[in-house]
Amino acid sequence: MDFATLLQMLDATLRLATPLLLACLAGLFSERAGIFDIGLEGKMLAAAFMSAAIAAVTGDVWLGLLAGIGASLVLSAIHGVASITFRGNQLISGVAINFLAAGLTVVVAQSWFRQGGRTPQLSGDGRFNPITLPFADAIRDVPVIGPIYFELISGHTILVYLALAMVPLTWWILYRTRFGLRLRAVGENPAAVDTAGVSVVGLRFAAIGICGVLVGIAGAYLATALQAGFVKDMSAGRGYIALAALIFAKWRPWYALYACLLFGFLQALSLRPDIITGVIGFRVNGQFLDVLPYILTVIILAGFVGKAIPPRAGGQPYVKER
Amino acid sequence: ADPAILFDLGGKFDKSFNESAYNGAERWATETGGTYAEVEIQSDAQREQAIRRFAESGANPIVMAGFSWATPLEKVAADYPDTSFTIIDMVVDAPNVRSVVFNEHEGSYLVGMMAAMASETGTVSFVGGMDIPLIRKFACGYAQGVLAVNPDATVIANMTGTTPAAWNDPVKGSELTLAQISQGSDVVFAAAGGTGVGVLQTAADSDILSIGVDANQNYLHPGQVLTSMLKRVDNAVYDAFTQGEALETGFNVMGVANDGVGYALDEFNADLVTADMQAAVDAAAADIAAGTLAVHDYSSDESCPALTF
Amino acid sequence: MTAPAPAIELKGISKAFGPVQANKDISIRVMPGTIHGIIGENGAGKSTLMSILYGFYKADKGEIFIAGKKINITDSQAAIAAGIGMVFQHFKLVENFTVLENIILGAEDSGLLRPSLARARRELQALAEEYELNVDPDAVIEDVGVGMQQRVEILKALYRRADILILDEPTGVLTPAEADHLFRILENLRREGKTIILITHKLREIMDITDTVSVMRRGEMTATVKTAETSPAQLAELMVGRKVLLRVDKTPPVIGRKILEVHDLNVTDDKGVHRVKGVSFDVHAGEILGIAGVAGNGQSELLEVLGGYERATGSVRMNGADIDLTGAHSDGQSRRAHGIAHVPEDRQREGLIMDFEAWENTAFGYHHDARYQRSRLFMDNQAILRDTAEKMARFDVRPPDPRLAAKSFSGGNQQKIVLAREIERNPDLLLIGQPTRGVDIGAIEFIHQQIVALRNQGKAILLVSVELEEILSLSDRIAVMFDGKIMGERMPQDTDEKELGLLMAGMTTAPAGDPFQAVAQNLAYAGGDAVKGT
Amino acid sequence: MDVMPKWADVILIPLISILLAAMLSALVILAIGESPWAALKLMVDGALGSTYGWGYTLYYATNFIFTGLAVSVAFHARLFNIGGEGQAVLGGLGVALACLYIPWPHWSLALIGACLMAAAFGAAWAAIPAFLQAKRGSHIVITTIMFNFIAAALLNYLLIGALKVPGSMEPATATFPPATHLPSFQDMFNFGGTTFFRGAPANVTFFVAVAACVAIWALIWRTRLGYELRSFGHSESAAKYAGISPTKIIMVTMLVSGGLAGMMAINNVQGEAERLVLNAVEGAGFIGIAVALMGRSHPFGVLLAALLFGFLYQGGAELALWTSIPRELIIVIQALVILFTGALDNMVRMPLERLFLAMRRAKQ
Ligand SMILES: Nc1ncnc2c1ncn2[C@@H]1O[C@H](COP(=O)(O)OP(=O)(O)OP(=O)(O)O)[C@@H](O)[C@H]1O
Ligand SMILES: Nc1ncnc2c1ncn2[C@@H]1O[C@H](COP(=O)(O)OP(=O)(O)OP(=O)(O)O)[C@@H](O)[C@H]1O
Ligand SMILES: [Mg+2]
Ligand SMILES: [Mg+2]
């Protein structure tokens, strides 16, 4: 594999890892606050649809992004009402949300656009276009760093950079701010937060609100940056892979970045069977690469390679009065 | 009775195969003022039920677009001997069934020639949908056409996947295209259903040429789609609808010779197709029609002289 | 000069949890700079009342005045603002946070953590010096002992400038030395003018440290008196609602052969803490061996090992046969096959399935019994129902309805169901933990009689209880556990609460330094619980 | 103390939840410009108006009975088996292997063989997550989700490789030999010329499913294993006290659960398609969650809920055929049912409890 190919692979990795990363960080906020969220997939899908639909109708991708976030937030709110207010089962609520999104996006898309569950193709300002970073053209021909800067680092949509910036930001929020301290505490022992005079409900809603925004951006990225429109089921299991990445990352922001890059790389790799064959000398089945993230996660979960301990209060509603 | 059409999974607005079938039905409807029944299924399990319900409701003839209808049709056809069926892209051997298949390799050969002539890098590519013999037939014909013009050209061929989901994964289509571009391709032919939308989009975004499939897709990115490999599914549907209940059953091959396949030329790609190109392709088409030029059909022996998969 | 306003005044507080009326129209006044005790049986509503004061629960009715001003305590934030701090029965700490992080949680100065942490570190230093509250600010909670955790909880309150400190059963989990330390801290706090409310079951603690005391019974406040003007006997009567006089009539034991031989038993729990350290003892037929000790000194683990659901090393022989302590056959079923019955310490978590009906609970653990089977495949539910009805009649379980869910019975009746199930199996050895915890007086009497009757039939009984009075009145022989070890064995007629108290504190002889103080301290433990047990 | 009478818990609450779900679904239909009333009529007519409709309704219901039971059994042990989908996929593989490679003399023997293979394959697919939960504490919800994806990939791998018919376009096995074809309702209910259930896929498997309901009922409420399983589900600490091995219960429960999910394949693979296709399960594994929640994990409740979902599926298919309402509407309804009967249970329950409490207070 030559340098240019490697760059191209890494470039694809970055593109494919972005939605995973945004969703993974979204899940991180939610689960760190003690709310399990297997509804990432559904929220991403709903956001993808709404962002594409609104971008198509208005021709303004930023409005689309807002609409996508809005859709995701609505589902987050349902999750919150079910699992925080009414102390329902978070897993079941997540399952319901995934189905709700899978069904509603198609039903609404079909009755709105009559294109078989698709939105119209987006163009121009209706989608996020790649941005060229300063000096990218200038240093393009400098050996090694030139191509790296031009090919790999420059030329992505704004959302890619946003996702990357979210990693240190998430770390900083979690470990350096009051909000982060409380957020982590509420996922470990909500009673401690409650008796310290901080609202458990408020914190948890805030957490799933952030989760909704981030995964909403992930969905919008799919439909308006990676693609130019929505198609049915376009999240294609990315929400679950993000969940796997979250476990893989042991609920930590920097690890989340590495896990998502790894899974993104696997996805990029499965698109280039020629490279795999070239590097390892025999043909690897595409399905195998596609499910490798899941297999790796199961192995991690099994605790054979470093145990992943979820936040202690995760998954349980905070019940004061029986 | 009214005729009926059953679309395949991508839905009638997939901008390619199903949409072509839909256009045929619409053409019949506007020309004759007739009405027809239609359904877009969402899953394989609905197929048999859909055929039965239409047959029972008295629709005749019933046209099915897509090879996946073959298995349920084989099962059902005998139950409704008075109904005529048409299946496109697959052969079902029953007295009341008309099977329409296309010589996709011939059409692909023609657009392959155009790709080779338009390419500046000498590398062109192909993105297929689901990895099945039918799609390899496209790829193989395309590669033959490319090599006929430029024996030194490189043809990169990728399939999107091995499940029906591969027909509807524009994200993957787009990534495959980018990978091919990085390998030097400057013309990409998409035979991938809904996935092709992503291929054409990315080609347009990256300023390379693309080739559409089935329906005329030139309009999707004016000036950036070199041409489209036309597979006249619309004609097949139109024919069947027009013949009505007295449909002529049996085996029906549509190729270059009877205008079943071809390439698209319209105002959107007029600037891209040079006179030389057009002349060469038309000559080849004439040869194929005359039988003097034989394009190898992948599905005849599951092998391709011009491409390895 | 007018009297100062009470630091705390509650008026007409009521609170119901669904069908349970936990607090009924409760009023109470606590003067500033005093220590006010609250006592009452399990479930009397003490914790509920205090949690309402702290804003953890919301009262259905009633008013709260702090320093004479009516305030509306909607949540803990409001209580903290009013200068109230509370140390809960179950600590409210974030296990994987450091001490410092736990202390600033909810009381941060600004959006950013660093300045808050720095200030907390400084202030902690000052508080530690002022009140003898030494903690390591950077230790992680899950790595430190309960004593330190409790100090962190107190520091949390002081850091928030609490003038009123509520402590809910603070000594239940402490060693005598730690409790001693705690009381010194409380004295210091009182001297500083803080108001303290102390919930406890231990009358001796009340008598020793409080200025006034309130008694709760079944959700109601039955009396508030000056400590100096009352006696333990009077408090006990107020607590349970009638004169407390209960002696178990017992004939001298007829000691038979060795039933259970425990030799060099060691238990290490999942966290790697060494819980039981080389314990050896025997239990004979016709004998009750009582194991005394402060909660958390390894008794629970000992019972769990003998009951078959905790792993151990060492040797245990039952009727001369070795018992598997680690392998595949180490479970409750195999123990029952050896003739061991077990009334667990926590009947609601272990002894019963609260959602199961009484008859289903009667078969619990014995569901493989031949008489409960209809065929090889199916159980005979009718047989279980009949059996349950009989048992309920014999043990006077009220209401005698086998189809009622276990959770619908009161604590005493739940315990009778468990006891009936275990005793009626005619075991050679009965393990019984905290037999009367949370059980009312009438039921206590009945349960004690059943235990003695079983012993009179020549069965061996191993009794574990934190109620020293219960141990003294039931046991034929007493072993005291401290820190996972047996500190010594005594015959009940040759010992008294004083000596046992010393052993429970880990001392075999009176300590050299301040013997009087230590004895008094241990007495607080030894005597405190007795009232409820008797 | 019970606040509510039992009937309110098992009948009233699910009923209210269903009504809420139905009302919201009606709103969705209104919003896309169709008439909910007409849609309902069309669904009732299409699903229950003819023996043909019934044949489809019962066919779908059969699938859902199996997956609903699978989820229910696990629920009783407080395990959430969200992997019914993958287990059913593997069950299909088992059925396909049994039907393709063993020369069965008669369908009845083939049915037994296929049942065993389906159950064994489904159980095997549940065994790994179960083992990891029991021994390593890996959250079974996450592992079973992962295993769904792995199952799909595995089947895909086999259907385009070893099991594929050479030259065929479709990722599917060959059609099973005629001796393995199960009698459909059409074959069974053919009295003197009048054919019932003509063309519908309902087949003899329906009776197997009903028998499974009875068997699971007996297992849960009449056997020692069921007793242990329920004990474990209610209180793990109590189960340990009683000498019930958590490992054993988790393993056995998940094996039974996976086996049931796998057995669904005799209906859709052997009974209907008569070959194994890629997407044979079609989400039935997930619908099992809704069915179990609605049926309150009781086999009889599961039977009723499965019939309701069978009706929804067939009715929804009819809607998609004759109106512009896409079939995905069923998924929306399914989501709403899961939401209201599962996650928002307390929303319905809490006011009702307060009502009953107030009524009781008033009586006193
Ligand atoms: N969160 C709750 N939900 C429902 N019922 C509760 C809750 N907390 C307490 N109760 C019930 O309220 C009653 C009073 O309980 P509370 O904990 O106040 O008693 P207590 O006097 O502190 O007892 P203990 O000595 O055991 O701590 C009991 O019947 C208890 O079961
Ligand atoms: N084993 C136990 N461990 C801890 N707490 C217990 C235990 N048993 C009971 N309790 C608590 O004590 C409370 C005692 O209330 P209980 O139901 O016994 O009411 P009661 O009216 O006093 O009945 P009874 O007079 O029969 O005991 C229970 O609600 C429970 O919270
Ligand atoms: Mg209490
Ligand atoms: Mg009581």
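See the structure above.
Residues numbered from 1 in each chain as written. Chains lettered and ligands numbered in written order. Predicted model: local features only at pLDDT ≥ 70, side-chain atom pairs only at ≥ 80, totals over all residues. Heavy atoms only, no water.

### Some remarks on the coordination of the magnesium ion (ligand 3)
Between any two of four tetrahedral donors, the ideal angle at the metal is 109.5 degrees; between two of six octahedral donors, it is 90 or 180 degrees.
Argument step 1. Those protein atoms acting as donors to the magnesium ion (ligand 3) are Ser-47 of chain C (OG) and Gln-89 of chain C (OE1), and they sit at 1.8 to 2.6 Å. Taken together, the residues Ser-47 of chain C in helix H1 (residues 46-53) and Gln-89 of chain C in the loop between strand E6 (84-87) and helix H3 (99-104) connect sequence positions 42 residues apart. (Donors = N, O, S within 2.8 Å, 3.2 Å for Na, K, Ca; no water. Helix = DSSP H or I, 4+ residues; strand = E, 2+ residues; numbered from the N terminus.)

### Focus: the side chain of Thr-205 of chain D
Argument step 1. Take Thr-205 of chain D: it is sitting in helix H8 (residues 205-222).
Argument step 2. Those residues in contact with Thr-205 of chain D that lie beyond four places of it in its chain are Thr-62, Phe-66, Leu-182, Ile-266 and Asn-267 of chain D. (Contact = heavy atoms within 4.5 Å.)

### Regarding the arrangement of the chains
Argument step 1. For the 5 pairs of chains in contact, the largest share of contacts goes to chains A and D.
Argument step 2. Regarding chain B and chain C, the two do not touch, and the least distance separating their C-alpha atoms is 40 Å.

### Regarding the side chain of Thr-177 of chain B
Argument step 1. Here Thr-177 of chain B lies in helix H6 (residues 170-182).
Argument step 2. Not counting the four nearest positions on each side in its chain, Thr-177 of chain B is found in contact with Val-127, Val-188, Val-199, Thr-202 and Ala-203 of chain B.

### A closer look at the site of ligand 1
Argument step 1. Lining the immediate surroundings of ligand 1 are 18 residues, of which Lys-320 of chain A together with Gly-43, Lys-46, Ser-47 and Thr-48 of chain C lie closest.
Argument step 2. In this structure, Gly-45 of chain C approaches ligand 1 through a main-chain N or O atom, which is 2.9 Å from an oxygen atom.
Argument step 3. Relative to its free-state accessible area of 630 Å², ligand 1 is covered by the protein chains to the extent of 80%.
Argument step 4. Split by residue class, the shell around ligand 1 holds 5 nonpolar, 7 polar and 6 charged. (Near = heavy atom within 4 Å. Polar contact = N/O pair within 3.5 Å; in protein donor to acceptor, adjacent residues only side chain to side chain. Areas by Shrake-Rupley, 256 points an atom, 1.4 Å probe, with all protein chains shown as cover. Nonpolar A, V, L, I, M, F, W, Y, C, P; charged D, E, K, R; others polar.)

### Focus: the nonpolar core
Argument step 1. In this structure, Leu-53 and Leu-186 of chain C are the most contacted members of the largest nonpolar core, which totals 372 residues.
Argument step 2. Of all hydrophobic cores here, the second largest spans 69 residues; its members include Ala-65, Val-100, Val-124 and Phe-241 of chain B. (Core = buried A, V, L, I, M, F, W, Y, C linked by side-chain atoms within 4.5 Å. Buried < 20%, exposed > 50% of the residue type's maximum accessible area, 1.4 Å probe, protein only.)

### Remarks on unusual backbone geometry
Argument step 1. A cis amide bond, omega -5 degrees, links Asn-60 of chain B with the succeeding residue Pro-61 of chain B.
Argument step 2. Positionally, Pro-61 of chain B belongs in the loop between helix H2 (46-56) and strand E3 (62-65).
Argument step 3. Following Arg-398 of chain C, the chain continues into Pro-399 of chain C via a peptide bond in cis, with omega recorded as -5 degrees.
Argument step 4. Mapped onto the elements of the fold, Pro-399 of chain C is located in the loop between helix H13 (381-394) and helix H14 (411-423).
Argument step 5. For Arg-87 of chain A, which is not glycine, the phi dihedral falls at a positive 50 degrees.
Argument step 6. If you trace the backbone, Arg-87 of chain A turns up in the loop between helix H3 (61-85) and helix H4 (90-113).
Argument step 7. Unlike most non-glycine residues, Asp-214 of chain B shows phi in positive territory, near 65 degrees.
Argument step 8. By the secondary structure assignment, Asp-214 of chain B is in strand E9 (residues 209-214).

### What to know about the interface of chain C and chain A
The parts lose accessible area when they come together, and the size of an interface is often stated as this lost area.
Argument step 1. Each partner contributes residues to the interface: chain C has 30 residues there, and chain A has 23 residues.
Argument step 2. Across the interface of chain C and chain A, roughly 2,200 Å² is buried in total on both sides, 56% from carbon and sulfur atoms.
Argument step 3. The three residues of chain C that bury the most area against chain A are Phe-56, Leu-105 and Leu-113 of chain C, which together make up 24% of that side's buried surface.
Argument step 4. Connecting chain C to chain A are 2 salt bridges.
Argument step 5. One salt bridge in this structure joins Glu-108 of chain C and Arg-182 of chain A, with 2.6 Å as the shortest N-O distance.
Argument step 6. Where chain C meets chain A, there are 9 residue pairs in polar contact (both at pLDDT 80 or more).
Argument step 7. The set of elements that each furnish at least two residues to the side of chain C that touches chain A consists of strand E1 (8-17), helix H2 (76-81), H3 and helix H4 (113-131) of chain C.
Argument step 8. Looking at the side of chain C that touches chain A, the element that brings in the most residues is H2 of chain C, giving 3 residues.
Argument step 9. Across the side of chain C that touches chain A, the residue classes break down as 14 nonpolar, 6 polar and 10 charged. (Buried area = accessible area lost by both parts, 1.4 Å probe. Salt bridge = Lys/Arg side-chain N within 4 Å of Asp/Glu carboxyl O.)

### A word on H1 of chain C
Residues and elements named next belong to chain C.
Argument step 1. By the criterion of burial, H1 is predominantly enclosed, with 7 of the 8 residues buried.
Argument step 2. Within the span of H1, buried status applies to Lys-46, Thr-48, Leu-49, Met-50, Ser-51, Ile-52 and Leu-53.
Argument step 3. Two residues or fewer past H1, Gly-55 is found with a positive phi of approximately 80 degrees.

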